[in-house]
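So you can see what is in the structure, the chains are spelled out below.
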Amino acid sequence: MAIKKVMVIGAGQMGAGIAQVCAQSGFEVLLNDRDKDALQAGINGIEKLLTRNVEKDRLTEEEKAATLGRLSLSNTLKDAASCDLVIEAVVENMDVKTAVFRELDMYTPKHTILASNTSSLPITEIAAETKRPDQVIGMHFMNPVPVMKLIEIIRGLQTSDETYEAIQAMSLQLSKIPVEVKDFPGFVSNRILMPMINEAIYTVYEGVATPKDVDQVMKLGMNHPMGPLTLADFIGLDTCLYIMEVLHEGFGDSKYRPCPLLRQYVKAGWLGKKTGKGFYEYR
């Protein structure tokens, strides 16, 4: 199936990034968010990034204008009626996501593929809320989307080969590298990454080392470009906690138990970079 028009739901950092790479790759894009301020912030952020790329000679003014020309704004899911693919990038919460998919199932044509950018939630469960589970799939982009090459493509229990092949082909059109992953809690990326971050938090909680020193060990000793606690602040500590809870519940294994310090920081509202404080302070 040829994908020509895409709706991206959620104008936050991930959604705006997905919309940008789709538009840059020649797709007509509807960026959707019920919050008009968030929608405007999303499109402003895209324009700012494109301008920066022009200044660095990575993009021409003509390419920037063409990209913005392929982007339109939407604040109703009913606009998905004109789309071949919808990519959901809302908050990482099963109730919120399934509500979105139930609406999309009503508004979209029969051929439309419904994709979720979830980083940990089961695609099979999301797909079960629709009358087209064979056309539901996971597209887990990495952050920041315009820079990171990987897309985890997650096949639910009923995802068809045709749906998978269409999304794989589109991922290549986006100049991304698709990796096929089965529908297990955390998939591959977060099943490996989040326990490492959680263990780094435990080393701080137990007084083994400071956040700065933990990050130094992983950067200088393991050649990681960013320390796990800096990365946790960048992702959002609330998101880290939520994914650890999904892993803990999904596998029923104590090795996925979220660190008490992580819970404490989230309860205090110390969510990382987005709130100005996490394991580090941001001004």
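Residues numbered from 1 in each chain as written. Predicted model: local features only at pLDDT ≥ 70, side-chain atom pairs only at ≥ 80, totals over all residues. Heavy atoms only, no water.

**Some details on the pairing of strand β8 (residues 177-182)**
Then, number 1: The sheet contact formed by strand β7 (residues 150-155) and β8 spans 6 bridges and is parallel. Of the residues in β8, the one forming a bridge with R155 is K182.
Then, number 2: Read from β7 through helix α6 (residues 161-173) to β8, the crossover connection turns out right-handed. (Pairing = 2+ DSSP bridges. Helix = DSSP H or I, 4+ residues; strand = E, 2+ residues; numbered from the N terminus. Right-handed = clockwise from strand over helix to strand, strands pointing away.)

**A look at the pairing of strand β5 (residues 113-116)**
Then, number 1: Burial along β5 is two-sided: the face carrying I113 and A115 and the face carrying L114 and S116 are both buried.
Then, number 2: In terms of strand pairing, strand β4 (residues 85-88) meets β5 through 4 bridges, oriented parallel. Looking across to β5, one finds that I87 is bridged to A115.
Then, number 3: Considered for its hand, the β-α-β crossover made up of β4, helix α4 (residues 94-107) and β5 is right-handed. (Buried < 20%, exposed > 50% of the residue type's maximum accessible area, 1.4 Å probe, protein only.)

**Quick notes on the UniProt feature "domain: 3-hydroxyacyl-CoA dehydrogenase C-terminal" (unreviewed entry) in the chain**
Then, number 1: Here the UniProt feature "domain: 3-hydroxyacyl-CoA dehydrogenase C-terminal" (unreviewed entry) sits at residues 186-282.
Then, number 2: Along residues 186-282 one finds 63% helix and 0% strand; the C-alpha atoms at either end are 28 Å apart. (UniProt positions renumbered as here; feature names shortened; annotations may be inferred.)

**Description of the side chain of N190**
Then, number 1: Here N190 is to be found in helix α7 (residues 189-205).
Then, number 2: Here the side chain of N190 touches S119 through a polar contact of 2.9 Å, landing on its backbone oxygen.
Then, number 3: What N190 contacts, discounting residues up to four positions off in sequence, is S119, H140, P195, I243 and L247. (Polar contact = N/O pair within 3.5 Å; in protein donor to acceptor, adjacent residues only side chain to side chain. Contact = heavy atoms within 4.5 Å.)

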